[in-house]
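# Close look at the chain arrangement
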Amino acid sequence: MRYIIIGGSAAAISAVEAIRSIDKRSPIDLFSDEKTPLFSRVLLPYYVAEELTKPLLNFRALDFFEENNITAHIGVRVKEISADAKTVQTETGETFEFDKLLLATGGKAIVPNIPGIDKEGISTLKTMADADRVYNLKGKKAVVIGAGSIGVESCISLMRRGLKVTLIEQLSQVLPTVFDDEAASIIKAVVEEMGIEVLTGERATRFTGNGRVQGVVTSTREIECDMVVLAVGVRPDITLAKGAGIEIGSLGGIKIDKQMLTSIPDIYAAGDVCETFDVARNTHFINAIWPMAVEQGQVAGLNMAGQTTEYGGSVRMNSIGNFIGFPAMSMGVTHPQECTYVEEDCHFQEIKTRSKNTYKKIILKNGCIVGAIFVGQTQKSGIITALLRKQVDVTDFIPVLLSRNLNFMDILPLVRRNADRFTEPEFKELMDTGL
Ligand SMILES: Cc1cc2nc3c(=O)[nH]c(=O)nc-3n(C[C@H](O)[C@H](O)[C@H](O)COP(=O)(O)OP(=O)(O)OC[C@H]3O[C@@H](n4cnc5c(N)ncnc54)[C@H](O)[C@@H]3O)c2cc1C
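Residues numbered from 1 in each chain as written. Predicted model: local features only at pLDDT ≥ 70, side-chain atom pairs only at ≥ 80, totals over all residues. Heavy atoms only, no water.

## As for the packing of helix α1 (residues 10-22) against helix α8 (residues 290-304)
Close contact between α1 and α8 brings their axes to 7 Å; oriented N to C, the two are set at 35°. Crossing of α1 against α8: the hand is right-handed. Residues Ala10, Ala11, Ser14, Ala15, Ala18, Ile19, Ser21 and Ile22 of α1 pack against Trp290, Ala293, Val294, Gly297, Gln298, Gly301, Leu302 and Met304 of α8. Classifying every residue of the contact of α1 with α8 gives 11 nonpolar, five polar and no charged. (Axes fitted to C-alpha atoms, helices over the stretch in contact; angles between N-to-C directions. Helix = DSSP H or I, 4+ residues; strand = E, 2+ residues; numbered from the N terminus. Left-handed = near helix turned anticlockwise from the far one by under 90°. Contact = heavy atoms within 4.5 Å. Nonpolar A, V, L, I, M, F, W, Y, C, P; charged D, E, K, R; others polar.)

In structure tokens, the structure reads:
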């Protein structure tokens, strides 16, 4: 068996480990066009903030490839896949044959079409090369465009480096896809207290400066700056998949089945590049987060090595707490209207509690949790995640789930009643850890 893995990040490394857990010997060739191997993208904002040095960004030891008998082609881009010939061609002109191939090509940062976007001092923050660019930018004032998680983390990183930072978001709230407006207003206040200027409902329309960026013009003002970080989103990098004739889903990610197999036999996909079944939405969605990429990589790897395994589905999760220094996390659907189009015949309920320093919301669909937001207090949110993933009917446990002192013992009867929904290892983990 000859395996080829394209990509060298969360999904790719997880797949390699899964393959090696079954097949210790077959050759594995891994291609990554980034020059730095085995770094965690999640930690790039800490590098930009000068809080972690490069060696501390690694999520596996540097001898990982050697230890696992992997031929790693680092800094090498795959140009083309020939599905019929079962080969890949690199940009350096070499051809490699495969029996099983994994596409773990992740996402590409979106670069908006704003006049002046090519000026020096403007960068996305997706790759290590981006992080180095942002790290090396000199100046006193920065503008971050886009208040999703990466945007909020970027502006806090730059602020921690001593820059004066303005965050611009065209929608009416920060973190618009992962928190509701009530949670977002609490988080916005925390970010503003850090000294960051936050402008919501404002859109960048032009960059000024002669060669180098000197300002961002919005619908209402011009903000002077020495650098700009673009954080307007990431979209699946499907260039190779499209070229190979692999079916792409309606959301722009690779379509896969439960075994992470694409529309072409022996070609699998995992991570940010795919659309997967979203447990909360009950339809396909792109949940581009690290833990989902790891899970999907593992399922793909096991199937590639011959152990038939089905993916249970993904759930969006977001935790911004480490950055803002204040607990804040969400999961699944945070705006029920996002999933009403899927099924007309369902009943949504939003249950909220609010105190001076905390805000909690649970969204139910026909009695099962499809989303949750916890701000100010996030302990035991693992219990909610487990109940969401298993679509357990929690109707008679709502007060317990929202209580300040949520304890695993309180929901034990609910878990026991639904034990058949958990696999034996899952059930054991739940009982052992109490999450
Ligand atoms: C700044 C930042 C902060 C983040 N913070 C969080 C967080 O706090 N929590 C969280 O869960 N997630 C976070 N994420 C998202 C998380 O990093 C991704 O979900 C995860 O990295 C996805 O892994 P992946 O393996 O699918 O793809 P990626 O990590 O995108 O890796 C894909 C790799 O494939 C390479 N590649 C693509 N095409 C080719 C080709 N043709 N040939 C060779 N190589 C190729 C790419 O260059 C890239 O190195 C963050 C992302 C960023 C950018």
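## A look at the sheet that holds strand β19 (residues 267-269)
Taken together, the five strands give an open sheet; going across it, the order is β3-β2-β1-β7-β19, and neighbouring strands pair in parallel fashion. Pairing within the sheet leaves two strands with one partner each, and these edge strands are β3 (70-74) and β19. Taking the axes of each pair of neighbouring strands and ignoring which way they run, one obtains an average angle of 15° across the sheet. Here strand β7 (residues 100-103) runs beside β19; their pairing, made up of three bridges, is parallel. Pairing of leucine 102 across the sheet is with tyrosine 268, part of β19. Running at roughly 175° to strand β2 (residues 28-32), α1 makes contact with β1 (3-6), β2, β3 and β7 of the sheet. Across the sheet, α8 touches β1, β7 and β19, and the angle it forms with β7 is around 170°. (Pairing = 2+ DSSP bridges.)

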